[in-house]
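Chain and residue survey
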Amino acid sequence: LELAMLYFFGQFRKVYIGDQATSSSKVYKYLTERLMLSDHLAVLTLLMQKITGHLKYRHESAELTNKTLALFSELTGGYSSGKLLLKLDVV
């Protein structure tokens, strides 16, 4: 289940967070209504909390750790997503 969530977060990041994504997308309307995640910064905060949780508490699974680090690398690799990460309190 955790691997599936990491895959989903990676795909979501590619579409809705980063260089070519816009925060005015309709998906944020639904995320606000259902999960109280109003913009890409709120979603990035959730992603970073999930990444740090995996690295702290689920480090016994090598595959999960590798996929978690790959997602973190993707997040930090882009110019605009890297700049967004610097705005977060979690980082």
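Everything below is about the structure printed above this text.
Residues numbered from 1 in each chain as written. Predicted model: local features only at pLDDT ≥ 70, side-chain atom pairs only at ≥ 80, totals over all residues. Heavy atoms only, no water.

Brief notes about the nonpolar core
A general tendency of soluble globular proteins is for nonpolar side chains to be buried together. Let me state the cut-off plainly: Throughout, nonpolar core names a set of buried Ala, Val, Leu, Ile, Met, Phe, Trp, Tyr and Cys residues whose side chains join them through atoms within 4.5 Å. When accessible area is computed with a 1.4 Å probe and restricted to protein chains, residues below 20% of their type maximum are described as buried, those above 50% as exposed, and intermediate ones as partly exposed. Strands here are runs of E lasting at least two residues and helices are runs of H or I lasting at least four, both read from the DSSP assignment and numbered beginning at the N terminus. Contact criterion: two residues are considered in contact whenever any of their non-hydrogen atoms come within 4.5 Å of each other.
The biggest cluster of nonpolar side chains holds 19 residues, and the ones touching the most others in it are I17, V43 and L44. Residue assignment for this core shows that the elements contributing at least two residues are α1 (2-16), α2 (26-35), α3 (40-57), α4 (62-77) and α5 (79-86). If you tally residues by element for this core, the top one is α3, at 5 residues. What I17 contacts, discounting residues up to four positions off in sequence, is F12, Y28, H40, V43, L44, L47 and L84.

Quick look at the pattern of salt bridges
Under the convention used in this document: We count a salt bridge whenever a side-chain nitrogen from Lys or Arg sits within 4 Å of a carboxyl oxygen from Asp or Glu.
As enumerated under the stated definition, the model contains 3 salt bridges in all. Note that K50 is salt-bridged to E2, the shortest N-O span being 3.2 Å. A residue pair is termed long-range when its members are at least 10 positions apart, and K50 in helix α3 and E2 in helix α1 qualify at 48 residues. Given a relative accessible area of 17%, E2 falls into the buried group. Note that R13 and E74 form a salt bridge whose closest N and O atoms lie 3.6 Å from each other. Within this pair, whereas R13 is found in helix α1, its partner E74 is found in helix α4, the two being separated by 61 residues in sequence.

Examining the layout of surface pockets
To keep things clear, this is the line we draw: Using a grid of 1 Å spacing that covers the protein atoms alone, one calls a set of points a cavity when a 1.4 Å probe fits there but cannot get out, and a pocket when the set is open and has protein on both sides within 12 Å along at least five of seven lines; lining residues are those with an atom within 4 Å of a point. Grid points are joined across faces, edges and corners, and a volume is the space filled by probe spheres set on the points. Residues were grouped as follows: Ala, Val, Leu, Ile, Met, Phe, Trp, Tyr, Cys and Pro as nonpolar; Asp, Glu, Lys and Arg as charged; and all remaining residues, including Gly, as polar.
Taken as a whole, the largest pocket encloses approximately 160 Å³ of empty space. If you go around the largest pocket, the residues you meet are L3, L6, Y7, G10, Q11, K14, K67, A70, L71 and E74. For the lining of the largest pocket, the elements supplying multiple residues, two or more each, are α1 and α4. The element that contributes the greatest number of residues to the lining of the largest pocket is α1, accounting for 6 residues. Looking at the lining of the largest pocket, its residues break down into 5 nonpolar, 2 polar and 3 charged.

Some points on the packing of aromatic side chains
To keep things clear, this is the line we draw: Stacked, tilted and edge-to-face pairs are distinguished by plane angle, under 30 degrees for stacked and over 60 for edge-to-face with tilted covering the rest, among Phe, Tyr and Trp rings (Trp via its six-membered ring) whose centres lie within 6.5 Å.
With the rule as written, the count across this model stands at 4 aromatic pairs. A centroid spacing of 4.9 Å and a plane angle of 40° characterise the contact between F12 and Y16, whose relative ring orientation is tilted. In this pair, F12 and Y16 both sit in helix α1, 4 residues apart, roughly one turn of the helix. Both rings, one in F12 and one in Y28, keep their centres 6.5 Å apart while their planes meet at 80°; by these two values the pair is edge-to-face. Of the two residues, F12 is situated in helix α1 and Y28 in helix α2; the sequence distance between them amounts to 16 residues. A relative accessible area of 10% means that F12 is categorised as buried. Ring-pair connections join several aromatic residues into one group, and the members of that group are F8, F9, F12, Y16 and Y28.

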